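Survey of secondary and tertiary structure
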Amino acid sequence: TAISAVNCHFLVITTNRFSGWYDNAVYLTGGNITPGQEDDGGPSIITDNYFEYNGTAISLKRRNRHCIIVGNFFGRNYVDIGCYEVGAGEIQPGDRLTVSSNEFIGTVSRVFEPKGYGEYTFSNNTVRDWGYDLSEVAIAQPNAIIASGNRNSIISGNIFEMRDRLSTVAHVAILRQNITI
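Below or above, wherever it landed, is the structure these notes cover.

Turning next to the overall build of the protein chain. Looking only at helices and strands, the protein chain has 0 helices and 19 strands in total. Sorting the 181 residues of the protein chain into buried and exposed places 48% on the buried side. Put simply, 69% of the contacts in the protein chain that link residues at least 6 apart link residues at least 24 apart. When the accessible surface of the protein chain is summed, it comes to about 8500 Å², and 48% of that surface belongs to carbon and sulfur atoms.

Here we take up the sheet that holds strand β8 (residues 66-70). Taken in spatial order, the 6 strands of this open sheet run β2-β5-β8-β11-β14-β17, and their pairing is parallel. The open sheet has two edge strands, β2 (12-14) and β17 (154-156), and neither has a second partner. Mean inter-strand twist for the sheet, computed between neighbouring axes without regard to direction, equals 5°. In this structure, strand β5 (residues 44-47) lies alongside β8, joined through 4 bridges in parallel fashion.

What follows deals with the sheet that holds strand β12 (residues 103-105). What the 6 strands build is an open sheet, ordered β3-β6-β9-β12-β15-β18; its pairing is parallel. Edge positions in the sheet fall to β3 (17-19) and β18 (159-161), since each has one partner strand and no second. Strand after strand, the sheet turns through a mean of 5° between neighbouring axes, direction not considered. Strand direction decides the pairing type here: strand β6 (residues 50-52) and strand β9 (residues 73-75), joined by 3 bridges, are parallel.

Here we take up the nonpolar core. Generally speaking, a soluble globular protein has its nonpolar side chains buried in company with each other. Counting residues in each nonpolar core, the largest one holds 28 residues, and the members touching the most others are I58, I69 and F112. Among the secondary structure elements, those contributing two or more residues to this core are β4 (24-29), β7 (56-61), β8, β10 (79-84), β11 (96-100), β13 (110-115), β14 (119-123) and β16 (143-148). Residues contacting I58, with those up to four places away along its chain left out, are V26, I46, F51, I69, F74, D80, I81 and G82.

Criteria and cut-off values
Residues numbered from 1 in each chain as written. Predicted model: local features only at pLDDT ≥ 70, side-chain atom pairs only at ≥ 80, totals over all residues. Heavy atoms only, no water. Helix = DSSP H or I, 4+ residues; strand = E, 2+ residues; numbered from the N terminus. Buried < 20%, exposed > 50% of the residue type's maximum accessible area, 1.4 Å probe, protein only. Contact = heavy atoms within 4.5 Å. Areas by Shrake-Rupley, 256 points an atom, 1.4 Å probe, with all protein chains shown as cover. Pairing = 2+ DSSP bridges. Axes fitted to C-alpha atoms, helices over the stretch in contact; angles between N-to-C directions. Core = buried A, V, L, I, M, F, W, Y, C linked by side-chain atoms within 4.5 Å.

Interpretation note: all reported values are geometric properties and have no functional meaning in isolation.
Below, the structure written as structure tokens:
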């Protein structure tokens, strides 16, 4: 992992290049904030970065309270933005996430997976050629966005396009399950 930030307040990650990280290029966690604790230190902001050929470009976990991901380029990562929340016991899922004005090109698996994250906005992004697995064992059903177990979520104003589709497998832009709006 290039940057691993645990329980940071008002963190800004800007104008960096992350290439070839096997696990996560950027890993942010709220540090297991339990109910009753406050986090008024401001959001984490990830802006104007270049992510390519990483396992997961940005991984958000365990009560990351507020994150803004804006104006980045993502190219040929396995997963671009993964929000993997445990949400069990004392550890609550993340609160707010804004993903806006980014460019996602040739993602191998998933562009955005806000699994149980809470509130999020995915807006004004360009998503081109996802499910771009070049291995012999292709992904069964490539989904650009897999939204599962969220509330108050907005997906708006994005461009989803397939220019260089390599297989006949059905690509799905947005798969939503167990959503509360």
